[in-house]
Structure formats: structure tokens, C-alpha cells
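Summary of structural features
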Amino acid sequence: VLYAFNESRYVAEAVRSMFAQDYANLEIVLSDDGSTDGTFEIMQRMAAEYEGPHKILLNRNPTNIGIGSQINAAVAMSRGELVVLANADDVSRPDRVSRSVAAWQPEGRRCMAVWSSLRQIDESGNPLGRTMDMRVDAPDLATGTRNRFSGGGAASLALDRRVFDAFGPLPDNLILEDSPLFARAMILGPVAYLEEPLVDYRVHGQNISQTYAVAEFDAWRERTRRAVLWHKTEGVKAYLQILRDL
């Protein structure tokens, strides 16, 4: 499931990385949340031109609603037992799905979630020489709840379909989807973390990764202030969903 909002600059590269996956039995849902910059038109064109082995599905919200609405629609229209999430400004390795599937069902017992570390790239796709450790500090549900099941990020996340079947749809306007999804998975069963990065995570000025970028102090302070306020507002919605699911 590749979901996007106003990411026309990067979405084609993200879609190509989905088309290049070496796992054979794959559905790809290209989802747009009411973009106004041509993002969906790029998805449409690439889907129409695609001649590979994967099944391509399109989803679009006529107006911007939220990440939750995109994930709900994509899961409802798809049939896969493992739902692999992808952001439209990141790039997945060709073996991301196959590696995730292998970790998902070791020795017949399926994990509820699989995710990996992330390799940082810049706006142009050049490696920054940094790898993000995305382990989630949740040895038990009490600790996970105190820590809001944060740290993992959805950029490399794959989820067993039972995570959605057991709890139902996410709130449509949910933006910070990763923590509630991790909480659902950890409530249901085992999870698996892969230390080798399966996704190139793009650091640029239009996503929350902007706080990593070097800048003059006043500009950096204002940028970080906005990010903190945004996280506070959206974090409340995410945490309330975690409590409801518990």
C-alpha cells in the first residue's frame, strides 16, 4: 500500500520501487489523499503503462482526509494476508516484500508486524551515510503504552491482516498511524525487527524529517517548534486510539 499526499516530486520513484519488487504474488495499491499537485495523475499514468506481473489497484480521496482513511480503503479493496505500507517520498529495496514475508512467517507461526531500520537519503536520493535504528521499546504492554509504542515508524512496516480484522478501521483523520498500528500488532502477538534497512527514508523540507536538517539557529528553532506543536496535536489522537484498542 503506497499512500501519498502532494508528493508529485517523489512519487514516481516510490512507485517504480514498488513495481520492481521481486516477490511474485503481490497486489500494489496506489492511494492518494486528495492531492492538488498532480500526484494522483502520475500514479494513474504509471499504473496504465505498467506491464509487469503485479496486480495494480488505484484509490483516491476527492479531498484530503487523512492517512487513516487511505489505509482503511486500501485494506478493504485488497486481498493480501500481509499488508506492506510505503510512503510516497521513500524508496523500497527490490527485496523488501520478499524479506518481509520471510520474517513474517518463520516456522509456520506468523508475526503480527515486521519492520526494519531505515537508510537516510537526501531530496535527490543520495545516501546521507546514516542509518536510523527503528526498534520499538515495548518489552510488555505496560511499557509500550507509557512510551506510546513509538520509535518504529510506518515507513518500513508490514502488518498481518489480522491486525486490521481484529480492531476494525482506523479513524479517517488519523495522521500518526505508526504508533496505533504497532500497538495493535503487539497486543495480538509476536513482532519481528530487521536490522538491515529495507527502505531509503527521504529527508526533505516537507516532511517531519526536516528537523534533522542543519540550519541557522533561529530558523531551526522555529521549524522545530512547529514540528513539536504538530506532534502534540496529532499525538493526542494517536494515543487515544491506542487506549481504545487496549
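Heads up: these notes are all about the structure in this document.

Reading the values: rules and limits
Residues numbered from 1 in each chain as written. Predicted model: local features only at pLDDT ≥ 70, side-chain atom pairs only at ≥ 80, totals over all residues. Heavy atoms only, no water. Pairing = 2+ DSSP bridges. Helix = DSSP H or I, 4+ residues; strand = E, 2+ residues; numbered from the N terminus. Buried < 20%, exposed > 50% of the residue type's maximum accessible area, 1.4 Å probe, protein only. Contact = heavy atoms within 4.5 Å. Polar contact = N/O pair within 3.5 Å; in protein donor to acceptor, adjacent residues only side chain to side chain. Lys, Arg positive; Asp, Glu negative; His and termini not counted. Salt bridge = Lys/Arg side-chain N within 4 Å of Asp/Glu carboxyl O. 1 Å grid on protein atoms, 1.4 Å probe; cavity = no way out; pocket = protein on both sides within 12 Å on 5 of 7 lines; lining within 4 Å. Points joined across faces, edges and corners; volume = space filled by probe spheres on them. Nonpolar A, V, L, I, M, F, W, Y, C, P; charged D, E, K, R; others polar. Core = buried A, V, L, I, M, F, W, Y, C linked by side-chain atoms within 4.5 Å. Axes fitted to C-alpha atoms, helices over the stretch in contact; angles between N-to-C directions. Left-handed = near helix turned anticlockwise from the far one by under 90°.

Here we take up the pairing of strand S8 (residues 127-132). Bridge analysis of strand S7 (residues 113-121) against S8 gives three bridges, and the strand direction is antiparallel. Considered in S8, the bridge of Ile 121 is made with Pro 127. If you look at the hairpin formed by S7 and S8, you'll find five residues sitting between the two strands, and Gly 125 has a positive phi there, around 90 degrees.

Looking at the secondary structure, you find Asn 59 in strand S3 (residues 55-61). Asn 59 sits in the buried class, given a relative accessible area of 10%. A sequence separation of 26 residues divides Asn 59 from Asp 33, and the C-alpha atoms of the two residues are 8.6 Å apart. The residues contacting Asn 59, other than those within four sequence positions of it, are Val 29, Leu 30, Ser 31, Asp 32, Phe 40, Gln 70, Ala 73 and Met 77. A distance of 2.9 Å separates the side chain of Asn 59 from the side chain of Ser 31, its partner in a polar contact.

Let's shift gears to unusual backbone geometry. Look at Asn 6: it is not a glycine, yet its phi comes out positive at around 50 degrees. Inspection of the secondary structure assignment puts Asn 6 in the loop between strand S1 (2-4) and helix H1 (11-19). For Asn 6, a relative accessible area of 31% corresponds to the partly exposed category. Although it is not a glycine, Phe 149 adopts a positive phi angle of roughly 50 degrees. On the secondary structure map, Phe 149 appears in the loop between helix H5 (141-146) and strand S9 (158-160).

Turning to the side chain of Asp 178, a few remarks are in order. With respect to the helices and strands, the residue Asp 178 is situated in helix H7 (residues 178-188). Arg 148 provides the closest opposite charge to the buried, unpaired Asp 178, separated from it by 8.8 Å. Not counting residues up to four positions away in its chain, the partners in contact with Asp 178 are Gly 153 and Ala 154.

So, on to the layout of surface pockets. Of the voids in this model, the second largest pocket is the one considered here, and its volume is about 410 Å³. Looking at the second largest pocket, it is lined by 19 residues, and the ones nearest its centre are Asn 25, Leu 26, Gly 80, Glu 81 and Leu 82. Elements with a minimum of two residues in the lining of the second largest pocket: strand S2 (27-33), strand S4 (82-84) and helix H4 (96-104). Residues of the lining of the second largest pocket, tallied by class, amount to twelve nonpolar, four polar and three charged.

Our next topic: the nonpolar core. Within the largest apolar cluster, 38 residues are counted, with the highest numbers of intra-cluster contacts made by Ile 71, Leu 85, Leu 157, Leu 159 and Leu 181. For this core, the element with the highest residue contribution is H7, accounting for five residues. If we skip the residues at most four places from it in the chain, Leu 181 touches Ile 71, Leu 85, Leu 157, Leu 159, Val 163, Phe 164 and Leu 170. In terms of nonpolar packing, the next biggest core, distinct from the first, is built from 31 residues, Ala 12, Val 15, Ile 42 and Ala 103 among them.

Let us look at the pairing of strand S10 (residues 191-202). Where strand S6 (residues 91-92) meets S10, two bridges bridge the pair, whose relative direction is antiparallel. What sits directly across from Val 91, in S10, is Asp 200.

Next up on the list: the packing of H1 against helix H2 (residues 39-49). The interhelical angle for the contact between H1 and H2, taken along N-to-C directions, is 30 degrees, at an axis separation of 10 Å. Like other packed secondary-structure pairs, H1 and H2 cross with a definite hand, here right-handed. Residue-level inspection shows Val 11, Ala 12, Val 15, Arg 16 and Phe 19 of H1 in contact with H2, the latter providing Thr 39, Ile 42, Met 43, Met 46 and Ala 47.

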